[in-house]
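Understanding the architecture of this molecule
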Amino acid sequence: MISAFTGTQVRAAEEPLLAAGLGDVLMQRAAHGLANAIISELRARGRRIYGARLVVLAGKGNNGGDGLYAAAFLAARGMRTTAVLTSGAGHPQALAAFERAGGRTHDLAGAAPGELAAETARADVVIDAILGTGAKGGLQGSAAGFVEAISDARLHAGHGFVVACDLPSGVDADTGAAAEPVLAADLTVTFGAAKSGLLADPGADYAGRVHVVPIGIEDNFPRPSVRRLEAADIADLLPGPARRAHKYSRGVLGVVAGSATYPGAAVLACRGALAAGVGMVRYLGPPEVADLVRQSCPEVVCSTGSVADNRVQAWLVGSGMGPDDHDQLARARDALDSGLPTVADAGALPALPDRLAPHVVLTPHAGELATLLQRLGGTEDRAAVEAATLEAARNAAARTGATVLLKGASTLVAAPSGDVYSQADGTPWLATAGSGDVLAGVIGALLAQAGSGVEHLNELAVDDDGRWAAIAALGAALHGKAGRAASDVNSGGPITAGVIADAIPGVWGKVSMLSNGWPET
């Protein structure tokens, strides 16, 4: 599992070593890790190390010192190194080491910024080491203009790659909010632990791949601010039938979804649920939608009856429903009142009470979350949610008391307690009509199986309320991996929602092999 921490948590973890006079040791460890990561990236790209050109954009603080020390190490390996001092000064010891290694320096204040930006854009490697985890706000003045000029030049002449030192300058380490301009990195080498802002959008947009370098502070961290399930965690959390299982013991999911306008949403939700291991699906809805569900999914038991007439372990409500679908909305409210775990998607969100419980999982996209927050007295619009997704998801969970899954490139799942999971397992091709309906079905199926499976939740150190966020994150991970697998079948091409559902059992099987000792493929 990837555990991410705020900048405050990282600085607190460093404090005992700094108090012991080991600050330079920490910087050397970080710089060595950064240099080695750059060497590995060059080799992976088939590039030579000797003679390669590197430019480090160095601020005056410790982040700039990390970058300068790393550049000095790389100069000793034969790279041609240049430092651009964005604040007119650099970390004294690191700058001296860089110059002793043969690196040349430019003071941004005395340089021709356009020419220097073009030269930087042509480098094989650019290290962004301007601002570190303690910085608030973005780049200012000449540094901001210089980074903007580099970004523009790289569109036309850039052929190398950008490495962010600890995090891209301008990205908030705690929230992922980005104060532009930000130089987008291909690789972020971060020290001690991942920073929370690297796992949430828009910070993740600029971070590229994230590589963590241990520096000796790892035992000092408290409870993570953000967590991400990896393949081994997913394998441990997936429920599985016991030898004497039957369809009822494997969980029964009730689905209240679809309408005359959007009948396909009910079909896709049911297909997602069936693919995710549930023992039975019971559908409630209009006769014409029930007929379509029967034709598409003959395994589903369809009815036009009431919630009270159906015995299930969990409910899925809302997919494909509108404000005029009064009978369906009434069923959705009855499902919530049942006290059972419930996924509330799309059309159900406007009809929810203001206060809910952690076993209710809301699955909005950014626009729907903004509408929900506005209904609760907030002022956030869609752009504000997208600019601070981590804050918005946490805020919504705290205000509603529900578990909130905010769909996106980095899908965030926030528990009312403040625990957050971030999953980014998918592909941009998942942005297709009906994909969210399949996701709701997957999560609903996992909720229905929560009583008999997911035994490893205790290993995540989650409380009773946080377990629902872990289950929702598991569903998001499966859905993302299924989308990627489906796209890979088409050589990375586009997919449809139905194909995502079809890919889930195969992904489930491959991931499950990890818990049986098989290596990940």
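Residues numbered from 1 in each chain as written. Predicted model: local features only at pLDDT ≥ 70, side-chain atom pairs only at ≥ 80, totals over all residues. Heavy atoms only, no water.

**Structural notes on unusual backbone geometry**
Test applied: A run of H or I in DSSP becomes a helix once it reaches four residues, and a run of E becomes a strand once it reaches two; helices and strands are each numbered from the N terminus.
A cis amide bond links E180 to the next residue, P181, at an omega of 5 degrees. Cis geometry is found at the peptide bond from D201 to P202, where omega equals 5 degrees. Mapped onto the secondary structure, P202 falls in the loop between β8 (194-195) and α7 (203-207). Positioned with a positive phi, A346 is a non-glycine residue whose angle comes to about 45 degrees. Relative to the elements of secondary structure, A346 occurs in the loop between β15 (342-344) and β16 (360-362). You will see that S491, though not glycine, has its phi angle at about 55 degrees, which is positive.

**Let's talk about the pairing of strand β4 (residues 104-107)**
Where we set the bar: Following DSSP output, two strands are said to pair if at least two bridges run between them. The definition of a right-handed crossover adopted here requires that, viewed with the strands pointing away, the path from the first strand over the helix to the second runs clockwise.
Taken together, the four bridges between strand β3 (residues 80-85) and β4 define a ladder with parallel strand orientation. Paired with V84 across the bridge in β4 is H106. Between β3 and its parallel partner β4, the chain crosses via helix α4 (residues 92-100), and the hand of that crossover is right-handed.

**What to know about the layout of surface pockets**
Put simply, the test is: Throughout, the protein atoms alone are placed on a 1 Å grid, and a set of points is a cavity if a 1.4 Å probe fits but cannot get out or a pocket if it is open with protein on both sides within 12 Å along at least five of seven lines; lining residues have an atom within 4 Å of a point. Grid points are joined across faces, edges and corners, and a volume is the space filled by probe spheres set on the points. Gly falls in the polar group here, along with every residue not listed as nonpolar (Ala, Val, Leu, Ile, Met, Phe, Trp, Tyr, Cys, Pro) or charged (Asp, Glu, Lys, Arg).
Here the second largest pocket defines a volume of roughly 550 Å³. For the lining of the second largest pocket, the secondary structure elements donating two or more residues are α1 (7-19), α2 (23-44) and α3 (62-76). Across the lining of the second largest pocket, the residue classes break down as nine nonpolar, nine polar and six charged.

**Thoughts on the nonpolar core**
Here is the rule we go by: Grouping buried Ala, Val, Leu, Ile, Met, Phe, Trp, Tyr and Cys residues that are joined through side-chain atoms within 4.5 Å yields what is termed a nonpolar core. Three exposure classes are used, based on accessible area relative to the maximum for each residue type with a 1.4 Å probe and protein chains only: buried under 20%, partly exposed in between, and exposed over 50%.
Core analysis: the largest hydrophobic core is formed by 65 residues, its most contacted members being V255, Y283 and V293. Top element by residues in this core is helix α16 (residues 466-489). It accounts for twelve residues. F5, L34, M79 and I215 belong to the second largest nonpolar core, which has 45 residues in total.

**Here's the deal with helix α15 (residues 435-448)**
Note the threshold: Under the convention used throughout, the expected extent of a helix is 1.5 Å for every residue step, that is, one less than its residue count.
In this model, α15 (14 residues) spans 20 Å end to end at C-alpha, consistent with the 20 Å of a helix rising 1.5 Å per residue. Among the 14 residues in α15, 13 count as buried, and that is most of the element.

**So, empty space enclosed by the protein**
Taken as a whole and assessed by the stated rule, the structure comprises one cavity of 30 Å³ or more. If you go around the largest cavity, the residues you meet are L131, G132, A135, G137, L167, P168, S169, G170, V171 and D172. Broken down by class, the residue content of the lining of the largest cavity amounts to five nonpolar, four polar and one charged.

**Brief notes about the pattern of salt bridges**
The criterion, for reference: The salt bridge criterion pairs a side-chain nitrogen of Lys or Arg with a carboxyl oxygen of Asp or Glu, the two atoms within 4 Å.
Under the definition given, this model contains 15 salt bridges. Between E41 and R45 there is a salt bridge whose closest N-O contact spans 2.8 Å. Judged by relative accessible area, E41 falls into the buried class, the value being 10%. In this structure, the salt-bridge partner of D419 is R227, at a minimum N-O distance of 3.6 Å.

**A closer look at the packing of α15 against α16**
What counts is decided by this rule: Here an axis means a line fitted to C-alpha atoms, over the contact stretch when the element is a helix, while the angle between two N-to-C directions is reported on a 0 to 180 degree scale. Every angle not falling under 35 degrees, over 145, or within 65 to 115 is termed oblique; those three ranges are roughly parallel, roughly antiparallel and roughly perpendicular. By definition, any crossing whose near helix is turned counterclockwise from its far helix by less than a right angle is left-handed, and any crossing with a clockwise turn is right-handed. Any pair of residues with heavy atoms lying within 4.5 Å of one another is described as a contacting pair.
Orientation of α15 relative to α16, taken along the N-to-C sense of each, is 135 degrees, at an axis distance of 9 Å. Judged by the angle between their axes, α15 and α16 are oblique. Remark: the crossing between α15 and α16 carries right-handed chirality. Every residue of α16 that contacts α15 at S435, V438, L439, V442, I443, L446 and L447 is listed here: W468, I471, A472, L474, G475, A476, L478 and H479. In the contact of α15 with α16, the residues fall into twelve nonpolar, three polar and no charged.

**A word on the sheet that holds β3**
With respect to topology, seven strands assemble into an open sheet ordered β4-β3-β2-β5-β6-β7-β9, the strand pairing being parallel. Since the sheet does not close on itself, it has two edges, and those belong to β4 and β9 (209-213), each with one partner. Averaged over all adjacent pairs, the angle separating strand axes in this sheet is 20 degrees, with direction ignored.

**Topic: the environment of L406**
By the secondary structure assignment, L406 is in strand β17 (residues 403-406). For the pair formed by L406 and A396, sequence separation is ten residues and the distance between their alpha carbons is 9.7 Å. Apart from residues lying up to four places away in sequence, L406 is in contact with P364, H365, A366, L369, V385, T389, A393, T411 and L412.

**Some thoughts on the packing of α3 against α4**
Between two packed helices, what matters for the description is the angle formed by their axes and the separation of those axes. Remark: α3 packs on α4, axes separated minimally by 8 Å, with the N-to-C direction vectors making an angle of 20 degrees. Our classification of the angle between α3 and α4 gives roughly parallel. Our pair here, α3 against α4, has a crossing hand that is left-handed. Residues G65, L68, Y69, A71 and A72 of α3 lie in contact with α4, whose contacting residues are Q93, A94, L95, A97 and F98.

**Let's talk about helix α5 (residues 113-121)**
Every buried residue belonging to α5 is among L116, A117, E119, T120 and A121, and all of these are buried. Each element contacted by the buried residues of α5 is listed here: β2 (53-58), β3, β4, β5 (125-129) and α6 (141-157).

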